[in-house]
Amino acid sequence: MDFQLKFDINNKIFLRNPESSEVGKLMVKKAIDLIYDLGFEQFTFKKLATEINSTEATIYRYFENKYRLLLYILNWYWCYMEFLVTFKLENVTDKKEQLKIIVYLLTHELAESTNQFDYNKKFLNQIVIAESSKVYLVKEVAEINKNEVYKPYKDLCAKIANVVLEYNSNYKFPRSLSTTLIETSHQQQYFSVNLPKLTDISDKKNPEFTSQFIEDLLFKVLG
């Protein structure tokens, strides 16, 4: 997929759509690179302004704060993941194979595009694993949720839940299972690298550990 994907991100997240200008698009691209390199806690608009050769004031015209910028990045990711799941399942009729494809997508690095203007999907994937909970594990989540800014994540969960039900129509908790698969895949990928004794990984270099665990869990639950 060497074309640049664009998604309709909720306009409640930003003050000005970064897709509307070259500096806005560069801002998001460089923010992904910086958050990956520094971590979200050390990431600042001042550092981002230096990277894009602009000013903090310019960035504040687009985003109220760095949490809103992170939320924008994550929304783009969830939209992309839903697109990817739809694309990969399009010509697959076997429901078990569909679930295996979903597990693979959740537990492996995303394929990179050759488009120089595209976001670094490897970095984006690692940001989601390490930082995504910071946009909803907040005291103001109910108020923030009124603007439906988590809809792309909910849509992805709903899509996975539908595949679960197509595989086992009697299963009672498809949405809970879909969110469990997503969040557990993040945790196990993070733990297996950084806190391996919280997992059963025997070799930190084993890239298949998380997918093996998630697949085993999924099909034992569904029967």
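This structure is a prediction, so every number in the text was calculated from the model and none was measured. Along each chain, residue indices are assigned from 1 in the same order as the chain's sequence is written. Note on the predicted model: pLDDT of at least 70 is required for a residue's local features to be given, and 80 or more for side-chain atom pairs to be given and counted; whole-chain, interface and lining totals, by contrast, use all residues. Hydrogens and water molecules were not included; the side-chain quantities draw on all heavy atoms of the structure.

Side note on the pattern of salt bridges
The line we're drawing: By salt bridge we mean one thing: a side-chain nitrogen of Lys or Arg within 4 Å of a carboxyl oxygen of Asp or Glu. Per the convention used, a helix needs a DSSP run of H or I reaching at least four residues, while a strand needs a run of E reaching at least two, with both numbered from the N terminus. Burial classes: relative accessible area under 20% of the type maximum marks a residue as buried, over 50% as exposed, and values in between as partly exposed (1.4 Å probe, protein chains only).
Summed over the entire model, instances satisfying the criterion amount to eight salt bridges. Here lysine 25 ties to glutamate 22 by a salt bridge, and the two come within 3.1 Å at their closest N and O atoms. Taken together, the positions of lysine 25 and glutamate 22, both in helix H1 (residues 22-38) and three residues apart, correspond to about one turn of that helix. On the basis of relative accessibility, which here comes to 56%, the residue glutamate 22 falls in the exposed class. Across the salt bridge formed by lysine 134 and glutamate 41, the nearest N and O atoms sit 2.6 Å from each other. Separated by 93 residues along the polypeptide, lysine 134 in the loop between helix H6 (121-131) and helix H7 (141-145) and glutamate 41 in the loop between H1 and helix H2 (45-51) bring together distant segments of the chain. A single salt-bridge network, built from bridges that share partners, covers Glu41, Glu131 and Lys134.

Describing unusual backbone geometry
If you check the backbone angles, asparagine 53 has positive phi at about 55 degrees while not being a glycine. Residue placement: asparagine 53 occurs in the loop between H2 and helix H3 (56-60). Taking the relative accessible area as the measure of exposure, asparagine 53 reaches 73% and is therefore exposed. Phi at glutamate 148 is positive, roughly 60 degrees, even though this residue is not glycine.

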